[in-house]
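The primary structure of each chain is shown beneath.
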Amino acid sequence: MAEPLRVIIVGAGGHAMSWKAHVDAHPGWKLVGIVDTDTEKLEHATLWGVPEECAYPSIEDAARWSEDRIDAAIIATPIYTHHLLATQAIEQGWHVIVEKNMASTIDQAKAMVWLAREHPALCTAVGTQYRFRPLWWTIRQVVREEQAIGKLSFVQARSMAFSGTMRAGWRAWLEDIYTQDMMCHHVDVLRYSTGLEFVKIQAMIFKPAWSKWLGASSVAMNFIMAPRGEENNKDEWVHGQYHGDWQGTGLKSSWEDQFEFFGAKGSLRIEPSLEKQKTAWEPGPIMPLAGEAAASRLVLYLDNENGSNKETRLVEKRKDVQHHPKGYIDQMFMLDDMLRCIESRGKQQPATCFEEAYKSFLVTRLAVESSRAGRAIWVPGHWIEPVAEP
Ligand SMILES: NC(=O)c1ccc[n+]([C@@H]2O[C@H](COP(=O)([O-])OP(=O)(O)OC[C@H]3O[C@@H](n4cnc5c(N)ncnc54)[C@H](O)[C@@H]3O)[C@@H](O)[C@H]2O)c1
(Lines give C-alpha, C1' and ligand atoms only; values in the text may rest on other atoms or scores of the structure.)
Protein backbone atom coordinates (compact mmCIF):
# COMPACT_ATOMS: atom_id res chain seq x y z
CA MET A 1 0.00 0.00 0.00
CA ALA A 2 1.22 3.53 -0.78
CA GLU A 3 2.48 5.63 2.11
CA PRO A 4 -0.35 7.48 3.90
CA LEU A 5 -0.80 11.16 3.12
CA ARG A 6 0.47 13.42 5.87
CA VAL A 7 -2.08 15.92 7.03
CA ILE A 8 -2.18 18.66 9.63
CA ILE A 9 -5.33 19.95 11.29
CA VAL A 10 -5.57 23.73 11.56
CA GLY A 11 -7.89 24.75 14.42
CA ALA A 12 -7.79 22.17 17.21
CA GLY A 13 -11.41 22.64 18.31
CA GLY A 14 -14.67 20.70 18.38
CA HIS A 15 -15.14 19.74 14.77
CA ALA A 16 -11.41 19.11 14.34
CA MET A 17 -11.78 16.23 16.86
CA SER A 18 -14.26 14.64 14.49
CA TRP A 19 -11.78 15.09 11.62
CA LYS A 20 -9.06 13.49 13.75
CA ALA A 21 -11.26 10.44 14.40
CA HIS A 22 -11.88 10.05 10.67
CA VAL A 23 -8.22 10.58 9.71
CA ASP A 24 -7.21 7.97 12.33
CA ALA A 25 -9.78 5.53 10.93
CA HIS A 26 -8.67 5.93 7.29
CA PRO A 27 -5.59 3.89 6.32
CA GLY A 28 -4.63 6.37 3.59
CA TRP A 29 -4.17 9.33 5.95
CA LYS A 30 -1.87 10.17 8.87
CA LEU A 31 -2.12 13.13 11.23
CA VAL A 32 1.34 14.69 11.61
CA GLY A 33 0.58 17.96 13.39
CA ILE A 34 -1.89 20.51 14.65
CA VAL A 35 -2.01 24.28 14.33
CA ASP A 36 -3.90 26.60 16.67
CA THR A 37 -3.48 30.24 17.66
CA ASP A 38 -4.55 29.25 21.19
CA THR A 39 -1.15 28.28 22.61
CA GLU A 40 -2.78 26.65 25.62
CA LYS A 41 -4.31 24.09 23.27
CA LEU A 42 -0.88 23.43 21.80
CA GLU A 43 0.29 22.33 25.24
CA HIS A 44 -2.18 19.44 25.00
CA ALA A 45 -1.00 18.25 21.62
CA THR A 46 -0.69 14.68 22.87
CA LEU A 47 -4.52 14.57 23.12
CA TRP A 48 -4.36 14.75 19.33
CA GLY A 49 -1.92 11.88 19.12
CA VAL A 50 0.96 14.09 17.98
CA PRO A 51 4.11 15.01 19.96
CA GLU A 52 4.26 18.49 21.51
CA GLU A 53 6.84 19.62 18.96
CA CYS A 54 4.31 18.94 16.19
CA ALA A 55 1.90 21.56 17.54
CA TYR A 56 2.34 24.93 15.88
CA PRO A 57 0.88 28.42 16.32
CA SER A 58 0.67 29.08 12.57
CA ILE A 59 0.75 27.46 9.15
CA GLU A 60 4.13 29.12 8.42
CA ASP A 61 5.56 27.57 11.60
CA ALA A 62 4.24 24.15 10.62
CA ALA A 63 5.79 24.49 7.17
CA ARG A 64 9.10 25.70 8.62
CA TRP A 65 9.54 23.31 11.52
CA SER A 66 7.77 20.08 10.62
CA GLU A 67 10.24 17.23 10.17
CA ASP A 68 7.53 15.30 8.34
CA ARG A 69 6.59 16.28 4.83
CA ILE A 70 3.11 17.85 4.94
CA ASP A 71 0.79 16.92 2.04
CA ALA A 72 -2.51 18.40 3.13
CA ALA A 73 -4.27 20.62 5.65
CA ILE A 74 -7.74 20.31 7.13
CA ILE A 75 -8.86 23.79 8.15
CA ALA A 76 -11.43 23.70 10.94
CA THR A 77 -11.17 27.23 12.32
CA PRO A 78 -13.82 29.97 12.65
CA ILE A 79 -15.29 30.94 9.28
CA TYR A 80 -13.70 34.39 9.04
CA THR A 81 -10.21 32.80 8.97
CA HIS A 82 -10.90 30.31 6.15
CA HIS A 83 -9.96 32.44 3.17
CA LEU A 84 -6.56 33.47 4.55
CA LEU A 85 -5.67 30.07 6.00
CA ALA A 86 -6.72 28.19 2.83
CA THR A 87 -4.66 30.64 0.77
CA GLN A 88 -1.62 30.10 3.00
CA ALA A 89 -1.99 26.31 2.82
CA ILE A 90 -2.34 26.26 -0.97
CA GLU A 91 0.66 28.57 -1.31
CA GLN A 92 2.64 26.01 0.72
CA GLY A 93 1.70 23.48 -1.97
CA TRP A 94 -0.70 21.54 0.26
CA HIS A 95 -4.03 19.99 -0.68
CA VAL A 96 -6.81 21.57 1.38
CA ILE A 97 -10.06 20.60 3.01
CA VAL A 98 -11.63 23.73 4.42
CA GLU A 99 -14.67 23.65 6.63
CA LYS A 100 -17.91 25.40 5.74
CA ASN A 101 -18.70 28.16 5.22
CA MET A 102 -15.85 28.28 2.77
CA ALA A 103 -15.38 32.03 3.38
CA SER A 104 -17.09 35.08 4.84
CA THR A 105 -17.69 36.96 1.59
CA ILE A 106 -18.38 36.18 -2.05
CA ASP A 107 -15.18 37.98 -3.10
CA GLN A 108 -13.09 35.82 -0.76
CA ALA A 109 -14.69 32.64 -2.10
CA LYS A 110 -14.13 33.74 -5.70
CA ALA A 111 -10.46 34.40 -4.87
CA MET A 112 -10.22 30.86 -3.46
CA VAL A 113 -11.65 29.39 -6.67
CA TRP A 114 -9.19 31.40 -8.78
CA LEU A 115 -6.30 30.33 -6.54
CA ALA A 116 -7.34 26.68 -6.90
CA ARG A 117 -7.44 27.13 -10.70
CA GLU A 118 -3.86 28.46 -10.55
CA HIS A 119 -2.81 25.26 -8.72
CA PRO A 120 -4.52 22.51 -10.77
CA ALA A 121 -2.38 19.71 -9.32
CA LEU A 122 -3.67 20.49 -5.82
CA CYS A 123 -7.02 19.17 -4.63
CA THR A 124 -9.50 21.24 -2.68
CA ALA A 125 -12.69 20.40 -0.81
CA VAL A 126 -15.22 22.13 1.43
CA GLY A 127 -16.74 20.35 4.43
CA THR A 128 -20.32 20.09 3.20
CA GLN A 129 -20.34 16.41 4.04
CA TYR A 130 -24.13 16.09 4.50
CA ARG A 131 -24.39 15.31 0.79
CA PHE A 132 -22.37 12.15 1.48
CA ARG A 133 -24.99 10.76 3.83
CA PRO A 134 -27.12 7.78 2.74
CA LEU A 135 -30.36 9.78 3.06
CA TRP A 136 -29.38 12.24 0.33
CA TRP A 137 -28.00 9.51 -1.89
CA THR A 138 -31.36 7.71 -1.49
CA ILE A 139 -33.33 10.87 -2.32
CA ARG A 140 -31.11 11.48 -5.33
CA GLN A 141 -31.89 7.95 -6.58
CA VAL A 142 -35.65 8.32 -6.08
CA VAL A 143 -36.07 11.88 -7.38
CA ARG A 144 -33.31 12.31 -9.93
CA GLU A 145 -32.38 8.87 -11.27
CA GLU A 146 -35.65 6.86 -10.96
CA GLN A 147 -37.89 9.94 -11.44
CA ALA A 148 -40.35 8.16 -9.12
CA ILE A 149 -42.40 11.33 -8.48
CA GLY A 150 -42.21 12.48 -12.11
CA LYS A 151 -41.13 15.94 -13.22
CA LEU A 152 -40.32 17.99 -10.14
CA SER A 153 -42.33 21.18 -9.58
CA PHE A 154 -41.90 22.27 -5.97
CA VAL A 155 -39.67 21.67 -2.95
CA GLN A 156 -40.49 22.49 0.66
CA ALA A 157 -37.34 22.40 2.78
CA ARG A 158 -37.41 22.92 6.51
CA SER A 159 -34.75 22.40 9.15
CA MET A 160 -35.48 22.79 12.84
CA ALA A 161 -33.03 20.34 14.24
CA PHE A 162 -31.69 22.31 17.13
CA SER A 163 -32.91 24.39 20.03
CA GLY A 164 -29.88 26.64 19.93
CA THR A 165 -28.66 26.96 23.48
CA MET A 166 -25.16 25.51 23.10
CA ARG A 167 -23.71 27.17 20.02
CA ALA A 168 -21.67 29.72 21.90
CA GLY A 169 -18.09 30.91 21.32
CA TRP A 170 -17.19 32.70 18.06
CA ARG A 171 -20.49 31.69 16.43
CA ALA A 172 -22.44 33.89 18.84
CA TRP A 173 -20.84 36.95 17.21
CA LEU A 174 -21.75 36.12 13.63
CA GLU A 175 -24.20 38.73 12.38
CA ASP A 176 -26.14 36.21 10.29
CA ILE A 177 -25.38 33.01 12.16
CA TYR A 178 -27.82 30.66 10.44
CA THR A 179 -26.74 31.48 6.91
CA GLN A 180 -23.08 31.06 7.85
CA ASP A 181 -23.31 28.04 10.08
CA MET A 182 -26.01 25.80 8.66
CA MET A 183 -27.69 26.96 5.48
CA CYS A 184 -24.92 25.84 3.11
CA HIS A 185 -25.53 22.18 4.06
CA HIS A 186 -29.18 22.49 3.01
CA VAL A 187 -28.44 24.39 -0.19
CA ASP A 188 -25.82 21.77 -0.99
CA VAL A 189 -28.05 18.71 -0.42
CA LEU A 190 -30.81 20.30 -2.49
CA ARG A 191 -28.36 20.81 -5.37
CA TYR A 192 -26.93 17.32 -4.94
CA SER A 193 -30.21 15.44 -4.68
CA THR A 194 -32.06 17.24 -7.50
CA GLY A 195 -29.13 17.99 -9.84
CA LEU A 196 -30.56 21.53 -10.14
CA GLU A 197 -28.95 24.91 -9.54
CA PHE A 198 -30.44 27.80 -7.58
CA VAL A 199 -31.32 30.52 -10.07
CA LYS A 200 -33.49 33.02 -8.20
CA ILE A 201 -33.92 33.62 -4.47
CA GLN A 202 -35.75 36.05 -2.22
CA ALA A 203 -34.91 35.73 1.46
CA MET A 204 -35.66 37.12 4.89
CA ILE A 205 -32.95 36.71 7.51
CA PHE A 206 -34.15 37.43 11.02
CA LYS A 207 -33.99 36.70 14.74
CA PRO A 208 -37.22 35.93 16.61
CA ALA A 209 -37.70 38.52 19.40
CA TRP A 210 -37.51 35.80 22.07
CA SER A 211 -34.40 34.12 20.68
CA LYS A 212 -31.25 34.02 22.82
CA TRP A 213 -29.02 34.38 19.79
CA LEU A 214 -27.20 37.67 19.21
CA GLY A 215 -27.20 37.36 15.43
CA ALA A 216 -29.90 36.49 12.89
CA SER A 217 -30.69 32.86 13.62
CA SER A 218 -33.52 32.14 11.13
CA VAL A 219 -33.85 32.14 7.37
CA ALA A 220 -37.01 32.06 5.24
CA MET A 221 -36.39 31.94 1.50
CA ASN A 222 -38.42 31.49 -1.66
CA PHE A 223 -36.39 30.07 -4.49
CA ILE A 224 -36.31 28.81 -8.05
CA MET A 225 -34.00 26.03 -9.24
CA ALA A 226 -33.24 24.88 -12.79
CA PRO A 227 -31.02 22.38 -14.59
CA ARG A 228 -27.54 23.70 -15.45
CA GLY A 229 -27.72 25.34 -18.88
CA GLU A 230 -31.52 25.77 -18.64
CA GLU A 231 -31.45 28.75 -16.28
CA ASN A 232 -33.37 30.90 -18.76
CA ASN A 233 -35.97 28.24 -19.63
CA LYS A 234 -38.97 28.90 -17.36
CA ASP A 235 -40.56 25.54 -18.30
CA GLU A 236 -37.68 23.87 -16.48
CA TRP A 237 -37.94 25.93 -13.30
CA VAL A 238 -38.68 24.20 -10.01
CA HIS A 239 -40.01 26.47 -7.28
CA GLY A 240 -39.46 26.07 -3.57
CA GLN A 241 -39.47 27.39 -0.05
CA TYR A 242 -36.80 27.01 2.61
CA HIS A 243 -37.00 27.63 6.35
CA GLY A 244 -33.94 27.09 8.49
CA ASP A 245 -33.91 27.86 12.17
CA TRP A 246 -31.36 27.63 14.98
CA GLN A 247 -33.99 27.72 17.73
CA GLY A 248 -36.47 25.03 16.83
CA THR A 249 -39.54 24.80 19.04
CA GLY A 250 -42.40 22.28 18.98
CA LEU A 251 -42.02 19.47 16.47
CA LYS A 252 -38.32 19.44 15.72
CA SER A 253 -36.83 17.73 12.74
CA SER A 254 -34.01 15.27 13.21
CA TRP A 255 -30.63 16.20 11.73
CA GLU A 256 -32.09 14.73 8.56
CA ASP A 257 -34.58 17.61 8.46
CA GLN A 258 -38.07 17.90 6.97
CA PHE A 259 -37.85 18.20 3.23
CA GLU A 260 -40.65 17.41 0.77
CA PHE A 261 -40.34 17.06 -2.99
CA PHE A 262 -43.47 17.42 -5.17
CA GLY A 263 -43.64 16.13 -8.75
CA ALA A 264 -46.15 15.27 -11.50
CA LYS A 265 -46.81 11.80 -10.06
CA GLY A 266 -46.58 12.32 -6.31
CA SER A 267 -44.32 13.47 -3.50
CA LEU A 268 -41.40 12.25 -1.44
CA ARG A 269 -41.19 13.38 2.14
CA ILE A 270 -38.68 13.17 4.98
CA GLU A 271 -40.85 12.81 8.07
CA PRO A 272 -39.45 13.61 11.51
CA SER A 273 -39.88 10.91 14.10
CA LEU A 274 -42.69 11.57 16.59
CA GLU A 275 -41.18 9.15 19.09
CA LYS A 276 -37.76 10.70 19.19
CA GLN A 277 -37.85 14.41 19.87
CA LYS A 278 -34.48 14.67 21.54
CA THR A 279 -32.19 17.08 19.77
CA ALA A 280 -28.89 16.46 21.52
CA TRP A 281 -26.10 15.16 19.32
CA GLU A 282 -25.47 11.67 20.61
CA PRO A 283 -22.02 10.12 20.54
CA GLY A 284 -21.73 7.27 18.09
CA PRO A 285 -19.24 5.30 16.05
CA ILE A 286 -17.86 6.83 12.85
CA MET A 287 -19.96 4.47 10.76
CA PRO A 288 -22.90 4.12 10.85
CA LEU A 289 -23.46 7.81 11.17
CA ALA A 290 -23.27 9.33 14.62
CA GLY A 291 -26.23 11.09 16.14
CA GLU A 292 -29.91 10.49 15.57
CA ALA A 293 -29.93 10.82 11.81
CA ALA A 294 -31.73 7.52 11.43
CA ALA A 295 -34.77 8.74 13.38
CA SER A 296 -36.62 10.17 10.38
CA ARG A 297 -38.65 8.22 7.78
CA LEU A 298 -38.62 8.66 4.03
CA VAL A 299 -42.14 8.27 2.59
CA LEU A 300 -43.27 8.20 -1.03
CA TYR A 301 -46.86 9.26 -1.83
CA LEU A 302 -47.89 8.27 -5.35
CA ASP A 303 -51.06 9.39 -7.19
CA ASN A 304 -53.58 7.76 -9.54
CA GLU A 305 -54.42 9.25 -12.93
CA ASN A 306 -57.32 11.06 -11.23
CA GLY A 307 -55.00 12.58 -8.63
CA SER A 308 -56.11 10.54 -5.61
CA ASN A 309 -53.57 8.66 -3.55
CA LYS A 310 -52.66 5.34 -5.11
CA GLU A 311 -49.93 4.23 -2.83
CA THR A 312 -48.05 5.31 0.28
CA ARG A 313 -44.73 3.58 0.55
CA LEU A 314 -41.91 3.71 3.07
CA VAL A 315 -38.64 4.08 1.17
CA GLU A 316 -35.80 2.15 2.73
CA LYS A 317 -32.80 4.43 3.20
CA ARG A 318 -29.75 3.08 1.47
CA LYS A 319 -26.77 2.09 3.56
CA ASP A 320 -24.16 3.22 1.05
CA VAL A 321 -23.27 6.46 -0.71
CA GLN A 322 -22.56 6.35 -4.43
CA HIS A 323 -21.86 2.57 -4.26
CA HIS A 324 -18.67 3.21 -2.30
CA PRO A 325 -16.85 -0.16 -2.25
CA LYS A 326 -15.84 0.19 1.43
CA GLY A 327 -19.19 1.59 2.50
CA TYR A 328 -17.64 4.94 3.43
CA ILE A 329 -20.04 7.80 4.11
CA ASP A 330 -19.83 11.37 5.42
CA GLN A 331 -16.30 12.61 6.30
CA MET A 332 -14.81 9.15 5.52
CA PHE A 333 -16.23 9.49 2.01
CA MET A 334 -14.66 12.96 1.74
CA LEU A 335 -11.22 11.73 2.81
CA ASP A 336 -11.41 8.84 0.38
CA ASP A 337 -12.62 11.05 -2.47
CA MET A 338 -9.76 13.47 -1.75
CA LEU A 339 -7.22 10.65 -1.78
CA ARG A 340 -8.48 9.34 -5.13
CA CYS A 341 -8.27 12.83 -6.64
CA ILE A 342 -4.79 13.48 -5.22
CA GLU A 343 -3.66 10.21 -6.85
CA SER A 344 -4.98 11.59 -10.17
CA ARG A 345 -2.68 14.63 -9.58
CA GLY A 346 -5.68 16.93 -9.58
CA LYS A 347 -7.04 15.78 -12.97
CA GLN A 348 -10.11 14.86 -10.96
CA GLN A 349 -11.23 17.14 -8.18
CA PRO A 350 -13.19 16.18 -5.05
CA ALA A 351 -16.98 16.37 -5.32
CA THR A 352 -17.08 19.45 -3.07
CA CYS A 353 -14.00 21.19 -4.55
CA PHE A 354 -13.86 25.00 -4.26
CA GLU A 355 -15.33 25.44 -7.75
CA GLU A 356 -18.38 23.29 -6.90
CA ALA A 357 -18.73 24.44 -3.27
CA TYR A 358 -18.78 28.06 -4.41
CA LYS A 359 -22.25 27.53 -5.91
CA SER A 360 -23.70 26.36 -2.60
CA PHE A 361 -21.86 29.01 -0.58
CA LEU A 362 -22.95 31.75 -2.98
CA VAL A 363 -26.65 31.15 -2.24
CA THR A 364 -26.07 31.62 1.49
CA ARG A 365 -24.44 35.03 0.98
CA LEU A 366 -26.95 36.18 -1.63
CA ALA A 367 -29.72 35.29 0.82
CA VAL A 368 -28.30 37.89 3.20
CA GLU A 369 -27.98 40.41 0.38
CA SER A 370 -31.55 39.72 -0.71
CA SER A 371 -32.86 40.20 2.82
CA ARG A 372 -31.00 43.48 3.30
CA ALA A 373 -32.05 44.86 -0.07
CA GLY A 374 -35.63 43.50 0.18
CA ARG A 375 -35.55 42.11 -3.35
CA ALA A 376 -35.14 38.91 -5.36
CA ILE A 377 -31.67 38.07 -6.68
CA TRP A 378 -30.74 36.32 -9.94
CA VAL A 379 -28.09 33.85 -8.75
CA PRO A 380 -26.36 32.94 -12.08
CA GLY A 381 -25.43 36.61 -12.44
CA HIS A 382 -23.00 35.93 -9.55
CA TRP A 383 -21.55 32.67 -10.88
CA ILE A 384 -17.85 32.83 -11.69
CA GLU A 385 -18.85 32.78 -15.36
CA PRO A 386 -22.03 34.89 -15.03
CA VAL A 387 -25.27 34.07 -16.87
CA ALA A 388 -27.65 36.97 -17.61
CA GLU A 389 -31.25 37.02 -16.36
CA PRO A 390 -33.88 35.98 -18.97
N1 LIG B 1 -19.23 20.30 8.47
C2 LIG B 1 -19.83 20.27 9.63
O3 LIG B 1 -20.81 19.55 9.82
C4 LIG B 1 -19.31 21.11 10.74
C5 LIG B 1 -19.70 20.88 12.07
C6 LIG B 1 -19.17 21.71 13.06
C7 LIG B 1 -18.29 22.73 12.73
N8 LIG B 1 -17.95 22.92 11.43
C9 LIG B 1 -17.03 23.99 11.02
O10 LIG B 1 -15.75 23.76 11.59
C11 LIG B 1 -15.12 25.00 11.87
C12 LIG B 1 -14.71 25.04 13.33
O13 LIG B 1 -15.86 24.94 14.14
P14 LIG B 1 -15.73 24.39 15.64
O15 LIG B 1 -17.08 24.25 16.15
O16 LIG B 1 -14.82 23.21 15.67
O17 LIG B 1 -15.03 25.65 16.34
P18 LIG B 1 -14.15 25.64 17.68
O19 LIG B 1 -14.28 27.00 18.25
O20 LIG B 1 -14.47 24.47 18.53
O21 LIG B 1 -12.65 25.45 17.15
C22 LIG B 1 -11.98 26.40 16.38
C23 LIG B 1 -10.49 26.35 16.73
O24 LIG B 1 -9.79 27.20 15.81
C25 LIG B 1 -8.79 27.90 16.54
N26 LIG B 1 -8.41 29.10 15.77
C27 LIG B 1 -9.06 30.30 15.68
N28 LIG B 1 -8.43 31.11 14.81
C29 LIG B 1 -7.37 30.42 14.33
C30 LIG B 1 -6.33 30.71 13.38
N31 LIG B 1 -6.27 31.88 12.73
N32 LIG B 1 -5.40 29.77 13.15
C33 LIG B 1 -5.42 28.57 13.78
N34 LIG B 1 -6.38 28.23 14.68
C35 LIG B 1 -7.34 29.15 14.95
C36 LIG B 1 -9.44 28.19 17.88
O37 LIG B 1 -8.48 28.48 18.88
C38 LIG B 1 -10.17 26.87 18.14
O39 LIG B 1 -9.34 25.94 18.81
C40 LIG B 1 -16.13 26.08 11.46
O41 LIG B 1 -15.87 26.50 10.16
C42 LIG B 1 -17.46 25.37 11.51
O43 LIG B 1 -18.41 25.95 10.64
C44 LIG B 1 -18.43 22.12 10.44
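Just so it is clear, the model here is predicted, and its values are computed rather than measured.

1. Section: the sheet that holds strand S11 (residues 258-263)
If you trace the 9 strands from one edge of the open sheet to the other, you get S14-S13-S12-S11-S7-S10-S9-S8-S15, paired in mixed fashion. Taken across any chain shown, the strands that pair with only one partner, and hence form the sheet edges, are strand S14 (309-314) and strand S15 (377-378). Pairing of strand S8 (residues 196-206) with strand S9 (residues 218-227) involves 10 bridges; the strand directions are antiparallel. Residue Phe206 lies in a different strand from S9, and its bridge partner there is Ser218. Helix-sheet contacts for helix H10 (residues 354-373) involve S8, S9 and S15, and the interaxial angle to S8 is about 40 degrees.

2. Thoughts on the domain arrangement of the protein
Split by domain assignment, the protein resolves into domain 1 (5-129 + 330-353) and domain 2 (130-319 + 362-372). Distance from the C-alpha centre of domain 1 to the C-alpha centre of domain 2: 28 Å. With 19 residues of domain 1 at the interface, the matching set in domain 2 holds 19 residues. Across the interface of domain 1 and domain 2, roughly 1700 Å² is buried in total on both sides, 62% from carbon and sulfur atoms.

3. Considerations on helix H5 (residues 106-118)
A rise of 1.5 Å per residue sets the reference length of H5, with its 13 residues, at 18 Å; its end C-alpha atoms lie 19 Å apart and thus fit the reference within 8%. Among all positions of H5, only Ile106, Ala109, Met112, Val113, Leu115 and Ala116 are buried. On its buried face, H5 is in contact with helix H4 (82-91), strand S5 (95-98), strand S6 (124-126) and H10.

4. Some points on the site of the ligand
In the neighbourhood of the ligand, 26 residues make up the surrounding shell, with Gly14, His15, Asp36, Lys41 and Lys100 lying closest. With respect to the ligand, the side chain of Lys41 contributes an N or O atom lying 2.7 Å from an oxygen atom. Gly127 places a main-chain nitrogen or oxygen 3.0 Å from a nitrogen atom of the ligand. When contributions to the shell around the ligand are tallied by element, the ones reaching two or more residues are helix H1 (14-25) and H4. Here the shell around the ligand spans two domains, and each of domain 1 (5-129 + 330-353) and domain 2 (130-319 + 362-372) adds at least three residues to it.

5. Here we look at the nonpolar core
Judged by nonpolar contacts, the single largest core of 114 residues is most densely connected at Trp29, Met102, Ile201, Met221, Phe261, Leu268 and Phe354. For this core, the element with the highest residue contribution is H10, accounting for 8 residues. Grouped together as the second largest cluster of nonpolar side chains are 5 residues, Ile224, Ala226, Trp237 and Trp378 included.

Cut-offs applied
- Residues numbered from 1 in each chain as written.
- Predicted model: local features only at pLDDT ≥ 70, side-chain atom pairs only at ≥ 80, totals over all residues.
- Heavy atoms only, no water.
- Pairing = 2+ DSSP bridges.
- Helix = DSSP H or I, 4+ residues; strand = E, 2+ residues; numbered from the N terminus.
- Contact = heavy atoms within 4.5 Å.
- Axes fitted to C-alpha atoms, helices over the stretch in contact; angles between N-to-C directions.
- Domains from an automatic or database assignment.
- Buried area = accessible area lost by both parts, 1.4 Å probe.
- Expected span 1.5 Å × (residues − 1).
- Buried < 20%, exposed > 50% of the residue type's maximum accessible area, 1.4 Å probe, protein only.
- Near = heavy atom within 4 Å.
- Polar contact = N/O pair within 3.5 Å; in protein donor to acceptor, adjacent residues only side chain to side chain.
- Core = buried A, V, L, I, M, F, W, Y, C linked by side-chain atoms within 4.5 Å.

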